[in-house]
Amino acid sequence: MSFLAPLFLIASAAIAVPIFVHLIQRERKRVVQFPSLMFVQKIPYQSVRRRRIRHWSLLLLRCAALLLIVTAFARPFLKQGVVAAAAVGGTREIVVLLDHSASMGYGDHWQKAKDAAHQAVRSLSNNDKATLVLFSRNAEESMRATSDRARLDVAIDQAKVDADSTRYGPALKLAESILLRSTARRRETILISDFQRAGWTGSEDVRFPEGYTVTPVSVATPNADNLAVPQVTFSRQAFSGQERVTVTAGIANRGATPQDVPVSLEVEGLPIQKQSVKVGPNTSASVTFTQFTLDKPIVEGTVKAGSDPMPADNTFHFTVSPSAPVSILIVEGGDRDSSLYLSKALGVSTSPVFQTDVMPVTRVTPANLEKRAVVILNDVAFPPAAANGALKTYVERGGGLLIAAGDHTTWPQGEKDVMPGTLGPTVDRTQARGATLGYLDHSHFVFEIFKAPRSGDFSAAQIYHYRKIDPGATDKVLARFDDGGVAAVERKVGGGRVIAWASSLDDSYSDLPKKPVYLPLVHQLVKYLAQFEAPHAWQTVGQVVDVQSLTKSRANWIVVTPSGKRVPQTGPLELDEQGVYEVRPASGSAGFAPQAIAVNIDPAEEDLSTIDPAELVAAVTGHAPAAGAAALPNAAEAEQIDIKEAERKQSFWWYLLVTGLLLLAAETVVSNRLSQSEKFL
Amino acid sequence: MHQHTSDGTAIPGARFVDPKILARIGSLDLLARTVVDGFINGLHRAPYFGASIDFAEHRGYVSGDDIRRVDWRLYARTDRYYIKQYEADTNTNFCLILDISKSMNFGTRGVTKLEYGSYLGACLAYLASRQRDRVGCITFDSEIVSYVPPSAKHFNVLLHTIDRAKAERRGDLTKPLASMAEHFKRRSIIVLISDFYEDPSAILESIKPLHFLGNDLIAFHVLDPMELDFGFEDASSFEDLESGEQIPVVPESFRDEYRQLIRNHIESLKTKFSEVRIDYMLANTAEPLDRALFSYLSSRERLMRVR
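Residues numbered from 1 in each chain as written. Chains lettered and ligands numbered in written order. Predicted model: local features only at pLDDT ≥ 70, side-chain atom pairs only at ≥ 80, totals over all residues.

1. A few points about the overall build of chain B
Right, so step 1: The secondary structure content of chain B amounts to ten helices and twelve strands.
Right, so step 2: Relative to its full complement of 307 residues, chain B shows a buried share of 40%.
Right, so step 3: A separation threshold of at least 6 residues defines the contact pool for chain B, and within that pool the share at least 24 residues apart is 73%. (Helix = DSSP H or I, 4+ residues; strand = E, 2+ residues; numbered from the N terminus. Buried ≥ 20, exposed ≤ 12 C-beta atoms within 10 Å, placed from the backbone. Contact = placed C-beta atoms within 7 Å.)

2. Describing helix H4 (residues 113-130) of chain B
Right, so step 1: With 18 residues, H4 of chain B ought to run about 26 Å at 1.5 Å a step, and its terminal C-alpha atoms sit 26 Å apart, in line with that.
Right, so step 2: Taken across its 18 residues, H4 of chain B has 17 buried, putting it largely inside the fold. (Expected span 1.5 Å × (residues − 1).)

3. Regarding the nonpolar core
Right, so step 1: Membership of the largest hydrophobic core comes to 121 residues, with the highest contact counts inside it found for Val96, Leu97, Val133 and Ile192 of chain A together with Val191 of chain B.
Right, so step 2: Among the elements that take part in this core, H4 of chain B stands out by supplying eleven residues, more than any other.
Right, so step 3: A domain-level breakdown of this core finds at least three residues from each of domain 1 (2-78 + 666-678) and domain 2 (88-222 + 609-644) of chain A.
Right, so step 4: Not counting chain neighbours up to four residues away, the residues in contact with Val133 of chain A comprise Val95, Val96, Leu97, Leu98, Ala139, Glu140, Glu141, Ser142, Ala171, Leu174 and Ala175 of chain A.
Right, so step 5: Formed by 62 residues, the second largest nonpolar core is a distinct cluster that contains Leu369, Leu437, Ala488 and Leu512 of chain A. (Core = buried A, V, L, I, M, F, W, Y, C linked by C-beta atoms within 7 Å. Domains from an automatic or database assignment.)

4. As for the interface of chain B and chain A
Right, so step 1: Between chain B and chain A, the contact holds 35 residues from the first and 32 residues from the second.
Right, so step 2: Residue assignment for the side of chain B that touches chain A shows that the elements contributing at least two residues are helix H7 (200-212), strand E10 (236-240), strand E11 (246-249) and helix H9 (251-275) of chain B.
Right, so step 3: Among the residues forming the side of chain B that touches chain A, the class breakdown is 18 nonpolar, seven polar and ten charged.
Right, so step 4: The sheet contact formed by strand E2 (residues 31-34) of chain A and E10 of chain B spans four bridges and is parallel. Bridging from a neighbouring strand, Phe34 of chain A pairs with Asp240 of chain B of E10 of chain B. (Nonpolar A, V, L, I, M, F, W, Y, C, P; charged D, E, K, R; others polar. Pairing = 2+ DSSP bridges.)

5. Overview of the sheet that holds strand E29 (residues 557-560) of chain A
Right, so step 1: In spatial order, the strands read E27-E33-E32-E29-E30 (chain A); together these five strands make up an open sheet with mixed pairing. Both outer strands of the open sheet, strand E27 (539-540) and strand E30 (566-569) of chain A, are each paired with one neighbouring strand and no more.

6. Quick word on the confidence of the model for chain A
Close inspection of predicted coordinates is inappropriate for parts of the model with low pLDDT.
Residues and elements named next belong to chain A.
Right, so step 1: Taken residue by residue, chain A gives an average pLDDT of 85. The fraction at 70 or more is 90%.
Right, so step 2: By mean pLDDT, the top-scoring element of chain A is strand E25 (residues 486-493) (94), and the lowest-scoring one is helix H3 (residues 80-86) (48).
Right, so step 3: Overall, residues 47-51 carries pLDDT values under 50, and its contacts beyond four positions in sequence, including any with other chains, amount to five contacts. (pLDDT = per-residue confidence, 0-100.)

7. Thoughts on the packing of helix H7 (residues 340-347) of chain A against helix H11 (residues 518-529) of chain A
Residue and element names in this part refer to chain A.
Right, so step 1: Packing of H7 against H11 leaves a shortest axis separation of 9 Å and a crossing angle of 80°. As far as their axial angle goes, H11 and H7 are roughly perpendicular. In this structure, H7 uses Leu342, Ala345 and Leu346 to contact H11, whose residues at the interface are Tyr518, Leu519, Val522 and Val526.
Right, so step 2: By residue class, the composition of the contact of H7 with H11 is seven nonpolar, no polar and no charged. (Axes fitted to C-alpha atoms, helices over the stretch in contact; angles between N-to-C directions. Parallel < 35°, antiparallel > 145°, perpendicular 65-115°, else oblique.)

And the structure:
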């Protein structure tokens, strides 16, 4: 006879209680019923007298009941049953989910994780199968289901920490699909991770079927200190025809101790400046470096801050290029005032800067259209120099054309491929209050910024005259007047875009230029037509970029990754490493400028705060994990499990407990009878 | 006439929710309607929320996703597979867990703790039912006595169940709470009404499994004023309602220590519950029900914001 929980036997000392009770005889007083004496019992009662023991039978009954209950709690079992219990169970299908996200590079997390994975492999018996799944943002099967422990160990040893962020959803879904295919009796998932809170939102649609178990193994360091550079910002100044850039870096301290952090800036591999900044616990600080000149089309830079157990997020890469102004040609009829509002509105933009030239229609030549991002025909007849397909060629090559239709505007029949529809007569709305804009296509880029409530009141603008436009079948109407007439219509021609605005953009046809919406409307129109896209100074690991879109050419490119691999690339490129990717023209594509893409790890990886593994397991399996499920069993623990299994099957405790309770019930009856027959209890 | 709460603030409509007056109303259904409608008329803002199934975001397709949820239009545009995700349906389960152990059958102000708990539970269930939530209840003492699964049609069954409940047996929070986790397959608002005569750590360990399943828990600790103040006068033999055990007590010498112990117990419960984000509220049976209703509404509103 042995005991599973022998410490409970200490409770047999409680046998002193009934003896003590029998020694204390109290006089019965008025009885007050009270919900619980839980607290009253804790208050010592002084006035008691010791007397000789009475009612020996009652005392023996109480002592026996107590001993039986204590023995039941100690869980007795016979050792012979242990061997039989070892045979029970069945084959296991195990999925080892090994987190190799960037945060696992912290200190010895990765080594601890690999040790835990090896331990899980060692726990396999000959019939068990295990699958190794490496996961970060996505999950992949590194080793398909096998009983070969040597191959699994090699796969674990070959795994490396990557630079991607943590997400538990895809990994758990993959584990579920693997286990669903299995026919094993016991299906288990072992999740080895640092349990970053950012990796689990709680809205993942993962729920394991009944009977599947998930064992979490946390390698997280409690209250881990971590320094990081989450972002940098730039301010630009023009100087002698060149731009100077000032870099400001943010430094985050996610630890509980204040730190003096040395921060350095390198540009094109050369150290520019080193500073020191004091960052308080769980706060951020910023460091502004001395400015440097942009003397190349693309300048690469790196900010490094201090050192800690997770060096990946202490380095921040970026690229910065001289800002390129958007070149615009406004063609007008010779009346300088007609383009006043337009040129003033475009002149105040800083991001991007619009470089505007105003030219009378008579002086326009085909050469003037070259290298213009947008041409605006501002209430003018069709320029003769742009006829015979010159304008069409310009738009097809990716140029933008904005036509503000007024009295002077003409659309020649020969240019109907470019013009969005047919231009009709002038509609006079001066008799009533004037026309207003009744419908705006808020899904279009131009009007998207006016989508939110109170973000642009077009109804305040009065339009007194406008030109009637009948759009073609393929043209897209972007705005209509309150009477249904077309106010703005778009046509895509080749790689370029054409938008016709049915009224003028000065104050002759409407009071729109005097309204607050005019400025953002003009900026949006021009940005859309110029196909302007703000350059990204850096990307995040896991993002995908289209190399041809980035380089704006269909040439062949070779991408050199931060680790030095050369990959021919024509389509989308997944950025899976931290550092600077170089995009070089392939042989035969000379003449194209090389590009660089700075890539940093996801800022969410810097936050090492953890989720309770039990909470994640409960969300996935639908029930809280059993106590002790957070650790993998070793050989000694496996034996302990067999002992538990034997004890569970024998279940002596159950009989002892029932007998003890029956004795207590008998004790109640006996003591009641005695208390009724006597004045004393 | 305005009823004053313990902190002295007047609450409009409180005359409808005085427990002593409520005790005269026989029907729980009528009682719940009287209290909740009176209480809601006193609010400036309607507490009901609309249900919606709104598009939330796209997410990349991963192995194991249901292909019926792939956005094929987006696939046509991008040549990549994306899954459409929606805001969850806001109709939720409301489950009342009512302790009917014998200790709840105690009352010195005309209302026992069990009656007060039943009123409170009926009002909350009515409120939830008007919200079109599914309502259900579990009564327990040392084991689960009755279980009404949550359903939109079970409001009357729930009222009948808690009206019929009798505090006759000893209580034990831990065992029935541990087995209750089986009953909650989807996220619910769980209202636990009990006098919590157990060790706070043991209570918390029993409740944790419910909380881990994503349920939103609100615990109402119902106590009679005499349990809080121990305002007894004469030296008497105090009998435990559940165990029948008797102890001689001289109230004057016990009072200060008793009050300190019950205060510590309440503080301990409050701290431990707040650590795991369970709402805890002490309900004194001498006070109107509206504070408890406010507590429930604020919790319901918080749950609405969770996707």
